[in-house]
Amino acid sequence: MAEGSVFKRCSCRDSDGRKLGNRCPQLRRSGGAWSPTHGRWAYQLELPTHPGRPRRQLRRSTFDTRDAATTDRDHAKALLALACDDAAVAAEIADMLLAVTCGAPLPDRDTIARRVRAGLPATVTTTVGEYLHSWLASRRNLRSIQPNTLLAYESHIRTHLVPHLGAIPLVKLRVEHIEAMFTAIADRNTAIEIARQSDKPWIRATVRGQRTTSPASMHRIRATLRKALNDAIRRGNNRLIDFNPAAHIELPSGARPKARVWTVNAVQRWRDTGERPSPVMVWTPQQAGAFLDHAEEHDIALYPLFTLILHRGLRRGEAVGLTDTAVDLDNSLISVTQQIATHGYTPVIKKVKSESGNRIMALASVTHTVLRAHHTRRAQWKLACGAAWPDTGLFFVQPDGRPWHPNTVTDRFEALVRDAGLPPIRLHDLRHCAATYLKAAGADLKDIQELLGHSSIAMTDVYTSVIAELDVERAKAEAAAKLLPRRRPRPAA
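These numbers come from a predicted model, not from an experiment.

When you look at the packing of aromatic side chains in this model, what are you seeing that I'm missing?
Ring pairs (aromatic) are described by centroid distance and by the angle formed between their planes. This structure, assessed with the given rule, holds 10 aromatic pairs. Centroid distance Trp283 to Phe413: 6.1 Å. Interplanar angle 45 degrees. Geometry classified as tilted. Linking Trp283 in the loop between strand S6 (281-282) and helix H10 (285-298) with Phe413 in helix H14 (residues 406-420), this pair joins segments that are 130 residues apart in sequence. The two residues Trp283 and Phe413 agree in class, both being buried. An aromatic cluster is present here, built from Trp283, Phe291, Phe306 and Phe413 joined pairwise through their rings. Above the plane of the ring of Trp34 lies Arg28, whose end atom (NZ or CZ) is 3.6 Å from the centre.

Below you can see the structure in the form of structure tokens.
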């Protein structure tokens, strides 16, 4: 690499108006030393060229001292040294040096070093959007990443992260940028809610089909960004950044909504206003029984599946994926070992969510009777279909033998609830119902945790938190209240 020369130059011109540069006689003393008062310090450095191109030099001036010019020259040389023996990278770095405007500082060496080591162009600043797209592509190549996790990453990047942060250079991303993104998301939520409550139909129509972003979703968006930026820090010796601003963002609590029971008053308010007390609702035992009666009468193919979920708290995918070998009707036992989940809309057979989800459960006599009847009915379906009957190995199938699509089960459930005139709950809330009824019947949290396949008893406690609204707990409250002596008897409720 060329050493480069350091010298003085000035803005003096000759009689024809041309700049003298370093030829001005005032730049040196009579003995040849540089004048301490005339001119500014400068340097020039021979630069690598692209094949077939003429030679070129880096010339930078206007330095106040020789040391300042020497330091800047050495900085340029250090940048060129990053290329090692790669002529193409050296030419790229030279392009970058020539593009720096007069008086502007040269690029930071460590930043360029990270880009060169990572195989990225030295002359182009990677934006957050470019990095996130390349990061997502790298995650797709990992077999350990679940498809639904990739779908969530893609949705967060496409819907929120790139629109708000995509144009910012990755090395310049700061906490303030991310805070501004979440403020914009919250403002959009407010605008949607205001439009929904407008008395003008055309304003309500502008947000029809638009969804607000919940606090829990905001936490997941931040988790995606934090993971991507952590990977930018951890790229072996190719660290693209040194600081993860997403790790320093505070968001509103993403706590799960509290489950509520459809009491008489809650049902009446829902019928009057359409409002639900909570996103997570639980039927009373009477309402659940009414649903099963309606399902038995109007959807006998899925009635046994809904009964099993309500009685034993299976997840939707676990019930749909239940195999013949997992159902032991002779001993009234079932084994939950797999599930049918959806990746997008495509059904996929997977293992259960965790080791605690792999479980064996006993069946009540009424549940056993319903499943036995389904087994007999399914044999009749198979006989009617003959050779066209597919051998899926699944316990719950459609009358033609084909597997149930999980989304179809949800759609049929919601239609039954609607037609029965019952207050709405989600299919997944049947698990809340099952846990609540077990608690009311005297089961402890550990028993319910094992039945539901929860890895943490804290999750089970969330599922059973509505029990205070049921009659058994109300009776305890009555008994406790009666212990308090009063001067006058109170009227009965």
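Would you mind going over the nonpolar core with me for this structure?
Among soluble globular proteins, nonpolar side chains are generally buried collectively. Formed by 54 residues in total, the largest nonpolar core has its most connected members in Trp283, Phe291, Leu305, Phe306 and Phe413. Every residue in contact with Trp283, bar those within four places of it in the chain, is listed here: Trp262, Ala288, Phe291, Phe413, Val417, Leu422, Pro423, Ile425, Leu430, Cys433 and Tyr437. By size, the runner-up hydrophobic cluster in this structure holds 31 residues, among which are Leu150, Ile168, Leu240 and Ile241.

Teacher, can you tell me more about the pattern of salt bridges here?
Oppositely charged side chains can pair when the atoms bearing their charge come close. Scanning all chains against the criterion turns up 21 salt bridges. Measuring nitrogen to oxygen at the nearest pair gives 2.8 Å for the salt bridge that ties Arg359 to Glu318. Linking Arg359 in strand S11 (residues 359-362) with Glu318 in helix H12 (residues 316-320), this pair joins segments that are 41 residues apart in sequence. Like Arg359, the residue Glu318 is buried in the burial classification. Taking the shortest distance from any N to any O, the salt bridge between Arg426 and Asp429 comes out at 2.7 Å. When its relative accessible area of 36% is taken as the criterion, Arg426 is described as partly exposed.

Would you mind showing me how to read H10 here?
At 3.6 residues per turn, the α-helix brings residues three or four places apart onto the same side. The end-to-end C-alpha separation of H10 is 20 Å, in line with the 20 Å expected for 14 residues at 1.5 Å each. Along H10, the positions that sit buried rather than exposed are Gln287, Ala288, Phe291, Leu292, His294 and Ala295. Mapping the buried residues of H10 onto a view down its axis gives an arc of 165 degrees, with all of them on the same face. Of the exposed residues in H10, the ones pointing more than 90 degrees away from its buried face are Gln286, Asp293 and Glu297.

Mind showing me how you'd approach the pairing of strand S9 (residues 338-343) here?
The side chains of a regular strand alternate between the sheet's two faces. Within S9, six of the six residues are buried, leaving the element largely enclosed by the surrounding structure. Hairpin connection between S9 and strand S10 (residues 346-351): a loop of two residues separates the two successive antiparallel strands, and Gly344 in this loop has a positive phi of roughly 75 degrees.

Looking at this structure, how should I read the sheet that holds strand S1 (residues 5-13)?
Strand pairing in a sheet takes place through backbone hydrogen bonds and is either antiparallel or parallel in direction. Overall, antiparallel pairing links the four strands, which are arranged S2-S1-S3-S4 in an open sheet. Each end of this open sheet is capped by a strand with a single partner; those strands are strand S2 (19-21) and strand S4 (56-63). For this sheet, the mean inter-axis angle between neighbouring strands, taken without regard to orientation, is 30 degrees. Pairing geometry for S1 and S2, over two bridges, is antiparallel. In the strand pairing of S2, Cys10 is matched with Gly21. Together, S1, strand S3 (40-47) and S4 form the strand contacts of helix H1 (residues 66-81), whose direction differs from that of S3 by roughly 20 degrees. The strands that helix H2 (residues 87-99) touches are S3 and S4; relative to S4, the one it contacts most, it runs at about 35 degrees.

Just to check I follow, could you spell out a positive patch on the surface for this structure?
Together, Arg9, Arg13, Lys19 and Arg59 line one region of the surface with positive charge. Looking at where Arg13 falls in the secondary structure, it is placed in strand S1.

Scoring rules and cut-offs
The residue count restarts for each chain, going from 1 along the sequence in the order it is written. Given that this is a predicted model, residues contribute local features only at a pLDDT of at least 70 and side-chain atom pairs are listed and counted only at 80 or more, while totals for whole chains, interfaces and linings are drawn from all residues. Side-chain measures here rest on the full set of heavy atoms in the structure, leaving out hydrogens and waters. Classification of ring pairs rests on two measures: the distance between centres of Phe, Tyr or Trp rings, Trp counted by its six-membered ring, which must be within 6.5 Å, and the angle between planes, read as stacked under 30 degrees, edge-to-face over 60 and tilted in between. What counts as a helix is a DSSP run of H or I of at least four residues, what counts as a strand is a run of E of at least two, and both are numbered from the N terminus. Residue exposure (1.4 Å probe, protein chains only): buried if accessible area is under 20% of the type maximum, exposed if over 50%, otherwise partly exposed. The criterion for a charge sitting over a ring is simple: Lys NZ or Arg CZ within 6 Å of the ring centre, and within 35 degrees of the ring normal. We define a nonpolar core as any set of buried Ala, Val, Leu, Ile, Met, Phe, Trp, Tyr and Cys residues linked to one another through side-chain atoms lying within 4.5 Å. The contact criterion used throughout is that any non-hydrogen atoms of two residues lie within 4.5 Å. Between Lys or Arg on one side and Asp or Glu on the other, a salt bridge is scored when a side-chain nitrogen of the former is within 4 Å of a carboxyl oxygen of the latter. Expected span of a helix: the number of residues minus one, times 1.5 Å. Arc definition: directions from the helix axis to the C-beta atoms. Strands pair, by our definition, only if DSSP identifies at least two bridges between them. To get an axis, a line is fitted to the C-alpha atoms, and for a helix only the part in contact is used. The angle between two axes follows their N-to-C directions and goes from 0 to 180 degrees. Residues form patches when they are more than 30% accessible in relative terms and have no salt bridge. Like charges link within 9 Å. Nonpolar side chains (Val, Leu, Ile, Met, Phe, Trp, Tyr) link within 5 Å. The protein chains shown are the only cover counted for residues, whose accessible areas, like all others here, come from Shrake-Rupley with a 1.4 Å probe. The positive count covers Lys and Arg only, the negative count covers Asp and Glu only, and His and the chain ends enter neither. Note that the charge is assigned to NZ on lysines, CZ on arginines, CG on aspartates and CD on glutamates.

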